[in-house]
Amino acid sequence: MAALIETKKLVKAYKSGDGVSTILKGIDFSVERGEFVSIMGRSGAGKSTLMYQMSLLDEPTSGDISIDGTNTRHMSEKEKAAFRLRKFGFVFQDYALMPELTATENIVLPLLMESYTFTQAQAMAADALTRVGLGHRLHNVPSQLSGGEQQRVSIARAIAEQPEILFADEPTANLDRESAKVVIDLFLELHAHGQTIIMVTHEEEYGHVADRIIRLDEGSIVSIEKGVRHAHARKQPTKKQSKK
Amino acid sequence: MFSLLNIRVGWFLAWRQIRRSSVWTTSLIIFVMLLTFLNLVVVTGILVGLVQGITDLYRLQETGDVIVSTLDTKNYIEQSPQIISFIQTLPQVEHVTARYIVNGSIEANYKTRTDPNEKPNESGAAIVGIDPVAENAFSGIARNVEEGSFLAPGDFDSVVVGSQLIAKYSFGEIPGIRPLKNVGPGSVVRITVNGQTREVVIKGILIDKANSPLSSQVFMSAAQLRTLAGRDDYSVNQVAIRLKKGVDEVAFKDLLVRSGVGRFAKVQTFEQAIPNGVEDVKNTFAVLGNAISSVGLVVASITIFIVIFINALTRRKFIGILKGIGISPQAIEVAYLLQSMFYALVGSSIGLIILFGFLVPYISAHPINLPISNTVLVAPVGETLLRVVLLVLATLIAGYIPARMIVKKNTLDSILGRN
Ligand SMILES: Nc1ncnc2c1ncn2[C@@H]1O[C@H](COP(=O)(O)OP(=O)(O)OP(=O)(O)O)[C@@H](O)[C@H]1O
Ligand SMILES: [Mg+2]
């Protein structure tokens, strides 16, 4: 079975001064449908950069990214945006919610863009917020929510339409331990229901809950490990593929 | 470019941004829009109204709706009695007044003048002979007599004098008019017409705007002027006609011309009779008003530009995120366009309510008392709505440019706050 997302000789370089600094030095790896992968490494290793390439937020210098068998190299920005809208969910480090929109409205907005009716979108938003445990916070604006709650709203936004891949860049970095734990548990629960997740983190504790841990250093993959959960035989999600 | 979907998403975003932004900021922006709108309409409206006030005064006091006057080749209207009685029989007519007008002069203080080399206190003036009752019914001229009283039927050797001929009211000397000093009701003055001089008493003084047709004329009874000017054939110089409400003055003028009056006299509507310059001044003021108020339009555009620019700039990260999760850039642009439009439309709407609900009716009931005219506010509906469209267009452009500037920035750079 083809991988859900696959990178081949992925290179990202920036012009810096008179030279070129290569941040990603030919990354080859793939993520299967239903897999939970964490990308770890030191600060500056290129974790975020890798995630931006894979999630089509950025344009690689060379190399290929295939999603569901489709090579994305020659896609226009418009096509990529459509991909991001329909197939991806994003969770950023700093929540990134529109300050003027309530929790529900923040989720409704991208759903409207996908041509759902307002009523449908509202129902989906309420459902997603309930799933992240915020059923009682539907109509609060971000400033009325704690950091942990805001992050859960942003997770709800990401998963409202059951994306093929959920991308998360340091989703716990701004949170206290308790809220971070809630977020990680949410990810595990989503994963248990078959959600593919690619999460960047530098916190060992959270990185290890994934199925696989990709370690980056200076723009190259230095190791791929199995996550700790696979030592304790936890319930395996039905759709999950664990080939390695 | 802006598909329905983009408009829908943009609207969703815009409306919530407007609703949840600070009431004070929103009110302030709307206030700027309101002032701009009023500036656009009122400056031109008042300038045009200023001239309109002059026109209205001429129509009220001199021309009426239709005026019959001496042909350029004659000194008076031939067949005057027949023409007047014909006009009086027409059912469209509300009031008619006939006037004898001759150039003459008025002199005061001649009795106290001791030095024969001293310049006489004398002024040229149009001496107008009227039937006081008919003239007052026509224009309410008696109301303008603020000192002394108006002529009564049968008054002889009495005159009523316009304020520009009286030193203490006039603006000063203008060519042909040298105001009389130390005169008031009861003063004895000399009127000279066609070489004939007669001593009369000033009975009253007519006070009105400097450019009122009344303010530089001397009125006396028609009977006396006839004898003074040797006009014994009852041939008048002007017949001014006020029509009943709703009667079309152009049609009535045509009727008079067709019925033969045109052979003996000039027949004009008030619009034709009012001095040519007035219309030119009106058009000049309209251009001037537009020029002045377009400065306001630029200020409003800049206001909107800054408001939207700051809004979008402080939300650059969110805009990046929205684009990141797949919201189309156009939808975000629409959101800002709609916000700009909201400010302009709400501002204009409040402006329209103030304008037509208060300003226009109030000023028309209580014209602004400016020295040259009782100024009204002229705001034709079509032109006013055109200004609303102009304001909305200007703010749309002013809002679109900064929104576009921010929205088109690289998505990832916006998310990460990079340049
Ligand atoms: N636009 C850019 N121009 C030049 N260099 C860049 C640019 N963006 C990132 N880099 C460099 O790329 C390297 C990797 O950055 P990246 O953000 O991917 O690191 P990271 O592994 O996510 O680190 P962290 O854990 O601190 O988030 C860093 O050295 C960074 O300075
Ligand atoms: Mg990073």
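Residues numbered from 1 in each chain as written. Chains lettered and ligands numbered in written order. Predicted model: local features only at pLDDT ≥ 70, side-chain atom pairs only at ≥ 80, totals over all residues. Heavy atoms only, no water.

S.K.: Help me understand the overall build of chain B in this model?
M.R.: On a plain count of helices and strands, chain B comes out with 13 helices and 12 strands. Expected size for 419 residues packed as a compact globule is a radius of gyration near 22 Å; at 32 Å, chain B overshoots this value by more than 25%. Considering only C-alpha atoms, chain B reaches an extent of 100 × 55 × 30 Å along its principal axes. Across the 419 residues that make up chain B, the buried fraction comes to 50%. Counting contacts in chain B only where the partners sit at least 6 residues apart, residues at least 24 apart contribute 79% of the total. As presented, chain B carries roughly 19200 Å² of accessible surface, and 61% of it is formed by carbon and sulfur atoms. Computed over 37 positive and 30 negative side-chain charges, the separation of the two mean positions in chain B equals 17 Å. (Helix = DSSP H or I, 4+ residues; strand = E, 2+ residues; numbered from the N terminus. Rg over C-alpha atoms; globule rule 2.2 N^0.38 Å. Buried < 20%, exposed > 50% of the residue type's maximum accessible area, 1.4 Å probe, protein only. Contact = heavy atoms within 4.5 Å. Areas by Shrake-Rupley, 256 points an atom, 1.4 Å probe, with all protein chains shown as cover. Lys, Arg positive; Asp, Glu negative; His and termini not counted. Charge placed at Lys NZ, Arg CZ, Asp CG, Glu CD.)

S.K.: Just checking my understanding: could you explain the overall build of chain A for this structure?
M.R.: Helices and strands together make up the secondary structure of chain A, namely seven helices and 10 strands. Against the compact-globule benchmark of 18 Å for 244 residues, chain A has a radius of gyration of 18 Å, which places it among compact chains. Considered along the principal axes of its C-alpha atoms, chain A spans approximately 50 × 45 × 35 Å. Looking at chain A as a whole, 56% of its 244 residues qualify as buried. Long-range contacts, defined here as pairs at least 24 residues apart, represent 68% of the contacts in chain A between residues at least 6 apart. Approximately 10500 Å² of chain A is accessible, and the part contributed by carbon and sulfur atoms is 50%. Across chain A, the mean location of the 30 positive side-chain charges is 5 Å away from that of the 32 negative side-chain charges.

S.K.: When you look at the nonpolar core in this model, what are you seeing that I'm missing?
M.R.: Soluble, globular proteins show a tendency: their nonpolar side chains are buried together. In this structure, Ile5, Leu50, Leu129, Ile155, Phe167 and Phe187 of chain A together with Ile327 of chain B are the most contacted members of the largest nonpolar core, which totals 121 residues. A total of 11 residues in this core trace back to one element, the largest contributor, which is helix 11 (residues 329-365) of chain B. Setting aside residues up to four positions removed in sequence, Ile327 of chain B forms contacts with Leu109, Pro110 and Met113 of chain A together with Val9, Leu322 and Ile332 of chain B. Membership of the second largest hydrophobic core comes to 45 residues, among which are Ile87, Val183, Leu228 and Val236 of chain B. (Core = buried A, V, L, I, M, F, W, Y, C linked by side-chain atoms within 4.5 Å.)

S.K.: Please explain the sheet that holds strand 1 (residues 5-16) of chain A as it appears in this structure.
M.R.: In a beta sheet, neighbouring strands are held together by backbone hydrogen bonds and run either parallel or antiparallel to one another. Residue and element names in this part refer to chain A. The four strands are arranged 2-1-4-5 in an open sheet whose pairing can be described as antiparallel. Lying at the two open borders of the sheet, with one neighbouring strand each, are strand 2 (19-31) and strand 5 (70-71). Sheet analysis places strand 4 (residues 62-67) next to strand 5, joined by two bridges and oriented antiparallel. For Ile67, the partnering residue across the bridge sits in strand 5 and is Thr70. In this fold helix 1 (residues 47-54) packs onto strand 1, strand 2 and strand 4, with an angle of close to 65° to the strand it touches most, strand 2. (Pairing = 2+ DSSP bridges. Axes fitted to C-alpha atoms, helices over the stretch in contact; angles between N-to-C directions.)

S.K.: It is not clear to me how the packing of aromatic side chains should be interpreted in this structure. Could you clarify?
M.R.: Geometrically, a pair of aromatic rings is defined through the distance of the ring centres and the angle of the planes. All names here are of chain A. By the definition in use, this model includes 12 aromatic pairs over all chains. Ring plane angle 80° and centroid distance 5.0 Å describe the contact between Phe88 and Phe167, whose orientation is recorded as edge-to-face. Of this pair, Phe88 sits in strand 6 (residues 88-91) while Phe167 is found in strand 7 (residues 165-169), placing the two residues 79 residues apart along the sequence. There is no split in this pair, since Phe88 and Phe167 are both buried. A ring pair is formed by Phe90 and Phe167, whose centres lie 5.8 Å apart and whose planes are at 25°; its orientation type is stacked. Taken as a pair, Phe90 in strand 6 and Phe167 in strand 7 lie far apart in primary sequence, 77 residues in all. Every member of this aromatic cluster is reached through a ring pair, and the members are Phe83, Phe88, Phe90, Phe92 and Phe167. (Phe/Tyr/Trp six-rings, centres within 6.5 Å; stacked < 30°, edge-to-face > 60°.)

S.K.: Help me understand the site of ligand 1 in this model?
M.R.: Residues in close proximity to ligand 1 include Tyr14, Ile23, Arg42, Ser43, Gly44, Ala45, Gly46, Lys47, Ser48, Thr49 and Glu170 of chain A together with Arg418 of chain B, which together make up its full environment. At the site occupied by ligand 1, the surrounding residues belong to chains A and B. One of the backbone N or O atoms of Gly46 of chain A is found 2.9 Å from an oxygen atom in ligand 1. Protein chains shield 64% of the accessible area of ligand 1, which is 640 Å² for the free molecule. Take the shell around ligand 1: its biggest share by element is three residues, from helix 1 of chain A. Residue composition of the shell around ligand 1, grouped by class: three nonpolar, five polar and four charged. (Near = heavy atom within 4 Å. Polar contact = N/O pair within 3.5 Å; in protein donor to acceptor, adjacent residues only side chain to side chain. Nonpolar A, V, L, I, M, F, W, Y, C, P; charged D, E, K, R; others polar.)

S.K.: In this structure, what is going on with the interface of chain B and chain A? I would like to understand it.
M.R.: Reports of interface size often rely on the accessible area that becomes lost once the parts have come together. Listed per partner, the contact involves 27 residues of chain B and 29 residues of chain A. For the chain B and chain A pair, buried surface summed over both sides reaches about 2500 Å², with 69% attributable to carbon and sulfur atoms. Its largest share of buried area at the contact with chain A, chain B owes to Phe12, Ile325 and Leu412 of chain B, together 24% of the area lost on that side. The tally of links from chain B across to chain A stands at four salt bridges. The shortest N-O distance in the salt bridge between Glu100 of chain A and Arg315 of chain B comes to 2.3 Å. Here chain B and chain A share 10 residue pairs in polar contact (both at pLDDT 80 or more) between them. Elements with a minimum of two residues in the side of chain B that touches chain A: helix 1 (4-20), helix 10 (316-324) and helix 13 (411-416) of chain B. (Buried area = accessible area lost by both parts, 1.4 Å probe. Salt bridge = Lys/Arg side-chain N within 4 Å of Asp/Glu carboxyl O.)

S.K.: Quick question: what am I supposed to make of the domain arrangement of chain B here?
M.R.: All names here are of chain B. Structurally, chain B comprises domain 1 (4-58 + 278-416) and domain 2 (95-236). Tallying the contact residues gives nine residues for domain 1 and seven residues for domain 2. Of the roughly 610 Å² buried between domain 1 and domain 2, counting both surfaces, carbon and sulfur atoms make up 58%. Counting the surface domain 1 buries against domain 2, the share from its top three residues, Leu57, Tyr58 and Pro371, is 64%. Remark: the boundary between domain 1 and domain 2 carries zero salt bridges. Inspection of the region where domain 1 meets domain 2 yields zero residue pairs in polar contact (both at pLDDT 80 or more). Ranked by residue count, the leading element in the side of domain 1 that touches domain 2 is helix 2 (residues 23-63), at three residues. (Domains from an automatic or database assignment.)

S.K.: Can you walk me through the pattern of salt bridges in this structure?
M.R.: When the charged atoms of two side chains with opposite charge come close together, those side chains can pair. All names here are of chain B. If you walk through the whole model with that rule in mind, you get 32 salt bridges over all chains. For the salt bridge of Glu135 with Arg99, the shortest nitrogen-to-oxygen distance reads 3.1 Å. With Glu135 in helix 4 (residues 132-139) and Arg99 in strand 2 (residues 93-108), this residue pair connects regions lying 36 residues apart in the sequence. Judged by its relative accessible area of 0%, Glu135 falls in the buried class. Linking Glu147 and Lys168 is a salt bridge whose minimum nitrogen-to-oxygen distance equals 3.1 Å. Here the residue Glu147 occupies a position in strand 4 (residues 145-148), and Lys168 occupies one in the loop between strand 5 (158-162) and strand 6 (188-193), the gap between them amounting to 21 residues. Take Glu147: its relative accessible area is 21%, and that puts it in the partly exposed class. Given the relative accessible area of 57%, Lys168 is considered exposed.

S.K.: Whenever I open this one, the packing of helix 3 (residues 103-113) of chain A against helix 5 (residues 147-159) of chain A confuses me. Can you help?
M.R.: Helices that pack against each other are described as a pair by the angle of their axes relative to one another and the distance between those axes. All names here are of chain A. Between helix 3 and helix 5, the least distance of the axes is 9 Å, while the angle of their chain directions is 25°. Compared by their axis directions, helix 3 and helix 5 come out roughly parallel. In terms of crossing hand, the pair formed by helix 3 and helix 5 is right-handed. Residues Ala103, Asn106, Ile107 and Pro110 of helix 3 pack against Val153, Ala156 and Arg157 of helix 5. (Parallel < 35°, antiparallel > 145°, perpendicular 65-115°, else oblique. Left-handed = near helix turned anticlockwise from the far one by under 90°.)

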